[in-house]
Amino acid sequence: MFENDLKEFGIQLSDLQKFQFMQYYELLVEWNSFMNLTAITDFDEVMKKHFIDSLSIVKAFDYMNENFDGKSVFSLNDAKCKVIDIGTGAGFPGIPLKIAFPDIKVTLLDSLQKRVKFLDEVIGKLGLSGIDTLHGRAEDYAKPDKLNEDKTLREKYDLCVSRAVANLSTLSELCLPFVKKDGLFISYKSEKLTDELKEAGKAVSMLGGKIEGQVYFELPDSDINRNLLIIRKVKSTPAKFPRKAGLPAKEPIK
Ligand code: SAM
């Protein structure tokens with residue numbers, strides 16, 4: 001089932017990659033028995049709702065290639081492509097992306113230390129390279145003054161992804177500061193966005209983003225909806241964003 005679903009996305013896995021997904025599943029279930037990582041542990045459900053869902057981002061790239069004539073700038077097979085996953089939790093979507101597209105460089109960021117410990121264990125056991133973890137708040141890592149200019153993560157990524165972390169206004173403030181000009185922020189939403197999009201429109205443009213499109217579909221052989229919202233970074237994020245940790249969620253830009 002897993003492999004058939006992947007065919008729909010044009011992804012074919014090697015034996016090593018299949019093995020890595022199985023190892024990841026086993027570690028997820030094992031660690032979930034003593035820490036809160038996921039409510040989903042059934043094998044088929046994890047394959048569909050975590051792994052397939054994470055990889056469904058290829059549909060956003062297909063959409064861009066069809067509608068913008070290759071303007072998507074980079075591909076998930078490009079070793080120069082730097083990706084950050086904000087609020088990655090147990091590693092979604094960042095780890096499935098790294099397994100399926102091993103050339104990309106991935107940073108997994110989460111504010112919960114114990115989840116980051118789990119991610120480090122997964123990376124070590126699966127033997128993944130070109131992937132690192134960060135513990136802390138997105139707001140702190142994206143500040144221009146958090147670290148010196150060589151080290152700040154502000155505007156250093158081609159692609160920022162995030163699933164199930166916050167409403168779009170808050171999320172834009174957490175994510176867009178990490179994205180390079182012309183790069184992308186792709187948010188995994190579940191419904192067609194109308195009200196949320198209206199509410200977040202001002203935040204997206206203040207933070208330097210422009211909505212490029214939405215790709216709405218059902219995950220293969222399921223009734224699970226996914227909506228990938230594609231936001232292009234068209235200008236630099238003003239230095240005053242992100243505001244101090246907690247404020248983007250407490251007082252979203254309106
Ligand atoms: N993305 C994962 C998924 O789809 O399964 C996890 C989603 S979980 C509901 C939200 C995660 O975002 C939590 O692990 C939480 O610690 C993290 N988080 C929330 N706000 C954050 C922030 N400001 N900076 C970093 N991580 C944050």
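Residues numbered from 1 in each chain as written. Predicted model: local features only at pLDDT ≥ 70, side-chain atom pairs only at ≥ 80, totals over all residues.

With an unreviewed UniProt entry as reference, the protein is termed Ribosomal RNA small subunit methyltransferase G, source organism Kineothrix alysoides. We quote the UniProt Function (unreviewed entry) comment for the protein here in full: "Specifically methylates the N7 position of a guanine in 16S rRNA." Turning to the protein, the UniProt record has this under Sequence similarities (unreviewed entry): "Belongs to the methyltransferase superfamily. RNA methyltransferase RsmG family." (UniProt positions renumbered as here; feature names shortened; annotations may be inferred.)

*Asks:* Looking at this structure, how should I read the site of the ligand?
*Replies:* G87, G89, S111, A138 and R163 are the nearest of the 17 residues found near the ligand. Broken down by secondary-structure element, the contributors of at least two residues to the shell around the ligand are β2 (105-110) and α7 (138-141). A class-by-class count of the residues in the shell around the ligand yields 8 nonpolar, 4 polar and 5 charged. (Near = placed C-beta within 6 Å. Helix = DSSP H or I, 4+ residues; strand = E, 2+ residues; numbered from the N terminus. Nonpolar A, V, L, I, M, F, W, Y, C, P; charged D, E, K, R; others polar.)

*Asks:* I would appreciate a short explanation of helix α6 (residues 113-126) in the present structure.
*Replies:* Here α6 spans 20 Å end to end across 14 residues, near enough to the 20 Å set by a 1.5 Å rise per residue. When we look at burial in α6, the residues that qualify are R115, F118, L119, V122 and L126. End-on, the buried residues of α6 take up no more than an arc of 100 degrees, which puts them together on one face. Summarising the geometry of α6, the exposed residues directed more than 90 degrees from the buried face are Q113 and G124. (Expected span 1.5 Å × (residues − 1). Buried ≥ 20, exposed ≤ 12 C-beta atoms within 10 Å, placed from the backbone. Arc of directions from axis to C-beta.)

*Asks:* Is there a simple way to think about the packing of helix α2 (residues 15-32) against α6 in this case?
*Replies:* Angle between the axes and distance between the axes: these two values describe a pair of packed helices. With their axes 10 Å apart at the nearest point, α2 and α6 run at an angle of 145 degrees to one another. As for how α2 packs across α6, the hand of that crossing is right-handed. Counted together, Q20, Q23, Y24, L27 and W31 of α2 and F118, E121, V122, K125 and L126 of α6 form the full contact between these two elements. (Axes fitted to C-alpha atoms, helices over the stretch in contact; angles between N-to-C directions. Left-handed = near helix turned anticlockwise from the far one by under 90°. Contact = placed C-beta atoms within 7 Å.)

*Asks:* What am I meant to see in the environment of L193 here?
*Replies:* Within the fold, L193 resides in the loop between β5 (179-189) and α9 (195-206). Classification of L193 as partly exposed rests on a count of 18 C-beta atoms within 10 Å. Considered as a pair, L193 and L6 are 187 residues apart in the sequence and their alpha carbons are 26 Å apart. The residues contacting L193, other than those within four sequence positions of it, are Q214, N227 and L229.

*Asks:* Any chance you could explain the packing of helix α8 (residues 168-175) against α9 here in plain terms?
*Replies:* Interhelical geometry of α8 versus α9 gives an angle of 30 degrees and a closest axis separation of 8 Å. Classified by the interaxial angle, the pair formed by α8 and α9 is roughly parallel. With respect to the hand of their crossing, α8 and α9 are arranged in right-handed fashion. Two secondary-structure elements touch here, α8 through L168, S169, S172 and E173 and α9 through E196, L197, E199, A200, A203 and V204. Broken down by class, the residue content of the contact of α8 with α9 amounts to 5 nonpolar, 2 polar and 3 charged. (Parallel < 35°, antiparallel > 145°, perpendicular 65-115°, else oblique.)

*Asks:* Even after reading the chapter, I still don't get the UniProt feature "binding site: S-adenosyl-L-methionine" (unreviewed entry) in the protein, so can you show me in this structure?
*Replies:* According to UniProt, the feature "binding site: S-adenosyl-L-methionine" (unreviewed entry) maps to G87, F92, A138, E139 and R163 in the numbering used here. Looking at where G87 falls in the secondary structure, it is placed in the loop between β1 (82-86) and α5 (94-100). On the neighbour-count criterion, G87 (22 C-beta atoms within 10 Å) is buried. Excluding anything up to four places from it in sequence, G87 contacts D110, S162 and V165. When you line up the elements, R163 lands in strand β4 (residues 157-163). Among residues more than four places away in sequence, those in contact with R163 are F92, P93 and Y188.

*Asks:* Can you help me understand the confidence of the model for the protein in this one?
*Replies:* Low pLDDT marks regions whose predicted coordinates should not be analysed in detail. Per-residue confidence for the protein averages 94 on the pLDDT scale, and 95% of its residues sit at or above 70. Complex prediction metrics read pTM 0.97 and ipTM 0.99. (pLDDT = per-residue confidence, 0-100.)

*Asks:* Honestly, the sheet that holds β4 in this entry has me stumped. Any pointers?
*Replies:* Think of a sheet as strands paired side by side through backbone hydrogen bonds, with each pair either parallel or antiparallel. Reading across from one edge, β3-β2-β1-β4-β5-β7-β6 is the order of the 7 strands in this open sheet, with mixed pairing throughout. In this open sheet, the two edge strands, each paired with only one partner strand, are β3 (131-135) and β6 (209-218). Averaged over neighbouring strand pairs, the angle between their axes works out to 20 degrees when direction is ignored. As paired strands, β5 and strand β7 (residues 225-233) are joined by 6 bridges and run antiparallel to one another. Within β7, the residue paired with I186 across the bridge is I230. (Pairing = 2+ DSSP bridges.)

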